[in-house]
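# Structure at a glance
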Amino acid sequence: MSRFLLLFSLLTSLVSAADTIKPGVRSPITFQRSPEVSDNAQIKMRMHAAETPPPYSVGMEKFDIIVPKKYKKGDPHGLFIWVSPSNAPSISPEWEAVLAEKKLIFVGAHNSGNNREVFARMRMAVDANDNLRDLYDIDPDRVYVSGFSGGGRVASMLGVCYADMFTGTIAFMGTNFYTDIVTLDKTEVFEARYIPHDEVAALAKTDCRYVLVTGEKDFNLKNTQAVFENGFKKEGFKSVEFMNIPGQAHQPPKGEWLKKAIEFLDAGKTKK
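Residues numbered from 1 in each chain as written. Predicted model: local features only at pLDDT ≥ 70, side-chain atom pairs only at ≥ 80, totals over all residues. Heavy atoms only, no water.

## Here's the deal with unusual backbone geometry
Of note in this structure, histidine 48 is not a glycine but carries a positive phi near 50°. Assignment of secondary structure puts histidine 48 in the loop between helix H2 (40-47) and strand E2 (63-66). By relative accessible area, which is 47% here, histidine 48 ends up partly exposed. Positive phi values are uncommon outside glycine, yet asparagine 111 reaches one of about 55°. The topology assignment puts asparagine 111 in the loop between strand E4 (104-109) and helix H4 (118-135). Under the relative-accessibility criterion, asparagine 111 is labelled partly exposed at 36%. (Helix = DSSP H or I, 4+ residues; strand = E, 2+ residues; numbered from the N terminus. Buried < 20%, exposed > 50% of the residue type's maximum accessible area, 1.4 Å probe, protein only.)

## What to know about the environment of aspartate 164
Its place among the elements puts aspartate 164 in the loop between helix H5 (150-161) and strand E6 (168-172). The class for aspartate 164 is partly exposed, based on a relative accessible area of 42%. Residues aspartate 164 and threonine 187, 23 residues apart in the sequence, show an inter-C-alpha distance of 35 Å. If we ignore the near neighbours within four places in the chain, the residues touching aspartate 164 are Arg46, Val200 and Leu203. Among the polar contacts made by the side chain of aspartate 164, one reaches the side chain of arginine 46 at a distance of 2.9 Å. (Contact = heavy atoms within 4.5 Å. Polar contact = N/O pair within 3.5 Å; in protein donor to acceptor, adjacent residues only side chain to side chain.)

## Observations concerning the sheet that holds strand E9 (residues 209-215)
Sheet architecture is open: eight strands sit in the order E1-E2-E4-E3-E5-E6-E9-E10, paired in mixed fashion. Both outer strands of the open sheet, strand E1 (27-29) and strand E10 (239-245), are each paired with one neighbouring strand and no more. Going across the sheet, the axis of each strand differs from the next one's by a mean of 20°, ignoring polarity. Helix H7 (residues 221-233) contacts E9 and E10 of the sheet and is inclined by roughly 160° relative to E10. (Pairing = 2+ DSSP bridges. Axes fitted to C-alpha atoms, helices over the stretch in contact; angles between N-to-C directions.)

Listed below in structure tokens is the structure:
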């Protein structure tokens, strides 16, 4: 098959997939191609990874998508790409309502929980990001990655290593960083989990926005506080917010906190 016919076939399959998705209803979706930025060479370069990622094919993966009921062609929406700590990309109906209000299309991968190796989890988020831009009218200034707990840690790495693809990050109750982090009380050290490419990290510091969400009773509170103060702020990131929710344990918070986090990411951006 020629390159033209292959591209035409892929685009046709994407359009067909969009036609079967009913706005306002959680729907399954699959993708058949990965962009070059998702291949082994790119992900190793972006993380300075010594090991080679294991075999991966996006065509074997499944995703869920929720397109807001009021979405229409010609009215650009943002993307909210979710990294779950479990095998199902679940969020609460309250969160779904917030995303619809904020004109964000939700997408999350199945089999992308904490038991899956990190390279695949990152690649699924990147692949969903790239493919959905072909399916829908997407506002390129509002492409956000988020996750909870272990998923939040993956999202925090994606938001830096792929700062050219994600304009904002919300890490709920879990976040990693690329330098060793000492807690504010100097009792613990959290080792660096990746090393971003210098040019992408520079872009992340100036052009992207980050929200680190924790809670008063969250066991990751000390880690998140330290990453905020001794990581993002110390390294000169321009736009980072820290949210410590009163009485909140290690679980996804109420929708009002998701809304506040999204509003921080949206702040200062051109509305279309």
